[in-house]
There are 4 protein chains.
Amino acid sequence: MARGINKVILVGNLGNDPETKYTQGGMAVTTVSLATTSVRKDRDGNNQERTEWHRVKFFGKLGEIAGEYLRKGRQVYVEGSIRYDKFTGQDGQERYMTEIIADEMQMLGSGEGRPAGGPSERSERPASRPAPAQRREPTSSSAPPPMDDFADDDIPF
Amino acid sequence: MARGINKVILVGNLGNDPETKYTQGGMAVTTVSLATTSVRKDRDGNNQERTEWHRVKFFGKLGEIAGEYLRKGRQVYVEGSIRYDKFTGQDGQERYMTEIIADEMQMLGSGEGRPAGGPSERSERPASRPAPAQRREPTSSSAPPPMDDFADDDIPF
Amino acid sequence: MARGINKVILVGNLGNDPETKYTQGGMAVTTVSLATTSVRKDRDGNNQERTEWHRVKFFGKLGEIAGEYLRKGRQVYVEGSIRYDKFTGQDGQERYMTEIIADEMQMLGSGEGRPAGGPSERSERPASRPAPAQRREPTSSSAPPPMDDFADDDIPF
Amino acid sequence: MARGINKVILVGNLGNDPETKYTQGGMAVTTVSLATTSVRKDRDGNNQERTEWHRVKFFGKLGEIAGEYLRKGRQVYVEGSIRYDKFTGQDGQERYMTEIIADEMQMLGSGEGRPAGGPSERSERPASRPAPAQRREPTSSSAPPPMDDFADDDIPF
DNA sequence: TTTT
DNA sequence: TTTT
């Protein structure tokens, strides 16, 4: 039985382009570095900033999407869990690493649905890039269908 | 494309036993009423309590588990999203309803893994009920296997 | 004693400009309408979208900031709690309203630190608008000071 | 300006009694070790458990409450943020530590409002300990006062 | 009523 | 190493 909740919610900017590797089985594993900055007043009344750099990992399908769409500087929402790892380095020393294992990701700001052109969104890209064409007629929030209309596993939003 | 995050996290107690219905397709739909109480000081310095009653719905497999394990009074963690519904009553009046559509649930407190005995945990149960055995030898967080050991879709915790 | 957790996390776009009112005591109360859209496949395999419109309220200092900086279309992060209200309309009918009471807000995307020029970011604004000038030398995450260096209420980030 | 969200939500059990220290300024700093366990199926279809041990710190008033009420084994809800620290050990080696800086805490299960009797809830306590009195007559959610009734900083729940 |  |  699972016991406990281990949930992390981050909104931050990428410090560099994502790195994607593949397992023997062919699963994508994408790693990014995500910055979150907070501010507080110190005892002298001055604003003090502090930035945390989160090591975030995306696996499988999400790893492929992250590798394709994320780029240095992008702002992103990440939901996942904390994982503490302990391993022995080549020098025989024990080392610790903390990672955020993402299970949801969403790009923020503009240009969200657009696949990234290459390292760091190089701007030499031709102007003829096709429009994202993702128009959508927003569904009005109407009444739910009566229960009998549901099919199996037909879970509403 | 999904746009936006709509996330609700609740920890509260059930106001009554869950109600489970089934769709034509056989999917379980369990509804519970969950109370969360908060406190604040009013302008006279007195503590003021306020309780929100959340209407929480569980679908499918989670609906079956909720119907089987939850009981009035139990404390529970729920994660889900808000859904606002609008429908027309039998009197022709428009009505609004807000629901939390759960996608994760975890029972809290003791006796967590124990199926519920019946309505409201009937206390005629023999006193000899074995202890919940909540002890747990936490697994030590050891090093992750090297990446090449992963098989497809073998996503680590 | 507070009992329970009632937490909402939203990332969405504003459907219109915020409305700010003031209480007799002079406290700002700003209301916005926030859209979150999700997608799922229906039983025919087609993508179905659904948009929830959240009524979000900001009070006090946060209400002033929200009224000044938010504008129609902006993407925003909101954290708060759900509040269900029941009141009697002028027709004697009971009515229900669900609101998100915000206790944290953060603007997303570009132009974050810039005060809004007026209704819906009117673009007739002169090009000479001064630069936001919010540069910052990111603090390197260094070691925490030894505990004895802390002063009272000097809570680290 | 703060940029980013760094939020952690944990529900877990304490691995041992909390440790409280005080800064020169007299601020309480309480540290606990919190376990969260998750389960997944491995490629052979067997359930694999994994436990993360979170190092959680409470400061100030919250640190005093945590030191007084928490005990080994207790189940607790914690909300806070991740902080990565890097410091140089006495051997000159760089070391890393990840901590959760709590800004909200709530005890779960029964006996929530009861101060802890000593290390690990010693069971020599007399059997006549009064019932936790966990009953609660939930306040009915009534209509909010009209806005003009609010005084300054009189923020509703 | 928003956004891509 | 990001962002405004």
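Since this is a predicted model, take the numbers as computed values, not measurements.

Draft legend 1. Broad picture of the overall build of chain A. What chain A contains, in helices and strands, is 1 helix and 6 strands. Taken from the N to the C terminus, the helices and strands of chain A come in the order β-β-β-β-α-β-β. Looking at chain A residue by residue over its 157 residues, the buried ones come to 45%. In the structure as shown, chain A presents an accessible area of about 8,100 Å², 47% of it carried by carbon and sulfur atoms.

Draft legend 2. Here's a closer look at the pairing of strand β4 (residues 47-59) of chain C. All names here are of chain C. Relative to β4, strand β3 (residues 28-41) runs antiparallel, the two being bridged by 13 bridges. Paired with R40 across the two strands is Q48, which belongs to β4. Here β3 folds back onto β4 in antiparallel fashion, the turn holding 5 residues, of which G45 has a positive phi close to 85°. With 2 bridges joining them, β4 and strand β6 (residues 94-107) adopt parallel strand pairing. The residue of β6 that forms the bridge with K57 is I101.

Draft legend 3. Inspection of a negative patch on the surface at higher detail. Together, D103(A), E104(A), D103(B) and E104(B) line one region of the surface with negative charge. With respect to the element layout, D103(A) can be found in strand β6 (residues 94-107).

Draft legend 4. Structural detail: the pattern of salt bridges. According to the stated counting rule, one finds 36 salt bridges over all chains in the structure shown. One salt bridge connects R95(A) with D91(A), and the closest N-O pair in it is separated by 3.2 Å. By relative accessible area, which is 32% here, R95(A) ends up partly exposed. By relative accessible area, which is 47% here, D91(A) ends up partly exposed. Overlapping salt bridges bring together K7(A), E79(A), K7(B) and E79(B) as one network.

Draft legend 5. Region of interest: the pairing of strand β2 (residues 19-22) of chain A. Residue and element names in this part refer to chain A. Note: β2 against strand β3 (residues 28-41), 4 bridges, orientation antiparallel. Bridge pairing in β3 links E19 to T31. Counting the residues that bridge the hairpin from β2 to β3 gives 5 residues, and of these G26 lies at a positive phi of roughly 95°.

Draft legend 6. Region of interest: the confidence of the model for chain A. Scored by pLDDT, chain A has a mean of 81; 71% of the residues are at 70 or more. Ignoring residues within four places in sequence, the model shows residues 121-145 of chain A, a span with pLDDT below 50, making 29 contacts including any to other chains.

Draft legend 7. View of helix α1 (residues 60-69) of chain D. Residues and elements named next belong to chain D. Burial in α1 covers these residues: G60, L62, G63, A66 and G67. The buried residues of α1 all sit within an arc of 135° when viewed along its axis, so they share a single face. Structurally, α1 contributes buried residues whose contacts are with β2 (19-22), β3 (28-41), β4 (47-59) and β6 (94-107).

Draft legend 8. Structural view of the side chain of N6(A). Residues and elements named next belong to chain A. When you line up the elements, N6 lands in strand β1 (residues 5-14). The exposure class of N6 is buried, given its relative accessible area of 18%. Engagement of the side chain of N6 in a polar contact is seen with the backbone oxygen of I82, the distance being 2.8 Å.

Draft legend 9. The arrangement of the environment of A66(D) in detail. Residues and elements named next belong to chain D. Among the secondary structure elements, A66 is positioned in helix α1. Owing to a relative accessible area of 0%, A66 belongs among the buried residues under this scheme. When the C-alpha atoms of A66 and D103 are compared, they prove to be 11 Å apart, with 37 residues separating the residues in sequence. Residues within four places of A66 in sequence aside, it is in contact with P18, T30, F58 and M105.

Draft legend 10. Main features of helix α1 (residues 60-69) of chain C. Among all positions of α1(C), only G60(C), L62(C), G63(C) and A66(C) are buried. Contacts made by the buried residues of α1(C) are with β2 (19-22), β3, β4 and β6 of chain C.

Draft legend 11. Just the side chain of T36(C), in detail. Its location among the elements puts T36(C) in strand β3. Judged by its relative accessible area of 4%, T36(C) is buried. A polar contact is formed between the side chain of T36(C) and the side chain of H54(C), at a distance of 2.9 Å. Once residues within four sequence positions are removed from consideration, T36(C) is found in contact with R3(B), I5(B), N6(B), V11(C), G12(C), R50(C), T51(C), E52(C) and H54(C).

Draft legend 12. Just the environment of E68(B), in detail. All names here are of chain B. Relative to the assigned elements, E68 resides in helix α1 (residues 60-69). Here E68 falls in the partly exposed class, since its relative accessible area comes to 42%. Sequence spacing of E68 and P18 is 50 residues, and the spatial spacing of their C-alpha atoms is 8.6 Å.

What counts as what
- Residues numbered from 1 in each chain as written.
- Chains lettered and ligands numbered in written order.
- Predicted model: local features only at pLDDT ≥ 70, side-chain atom pairs only at ≥ 80, totals over all residues.
- Heavy atoms only, no water.
- Helix = DSSP H or I, 4+ residues; strand = E, 2+ residues; numbered from the N terminus.
- Buried < 20%, exposed > 50% of the residue type's maximum accessible area, 1.4 Å probe, protein only.
- Areas by Shrake-Rupley, 256 points an atom, 1.4 Å probe, with all protein chains shown as cover.
- Pairing = 2+ DSSP bridges.
- Patch = residues over 30% accessible without salt bridge, like charges linked within 9 Å, V, L, I, M, F, W, Y side chains within 5 Å.
- Salt bridge = Lys/Arg side-chain N within 4 Å of Asp/Glu carboxyl O.
- Lys, Arg positive; Asp, Glu negative; His and termini not counted.
- Charge placed at Lys NZ, Arg CZ, Asp CG, Glu CD.
- pLDDT = per-residue confidence, 0-100.
- Contact = heavy atoms within 4.5 Å.
- Arc of directions from axis to C-beta.
- Polar contact = N/O pair within 3.5 Å; in protein donor to acceptor, adjacent residues only side chain to side chain.

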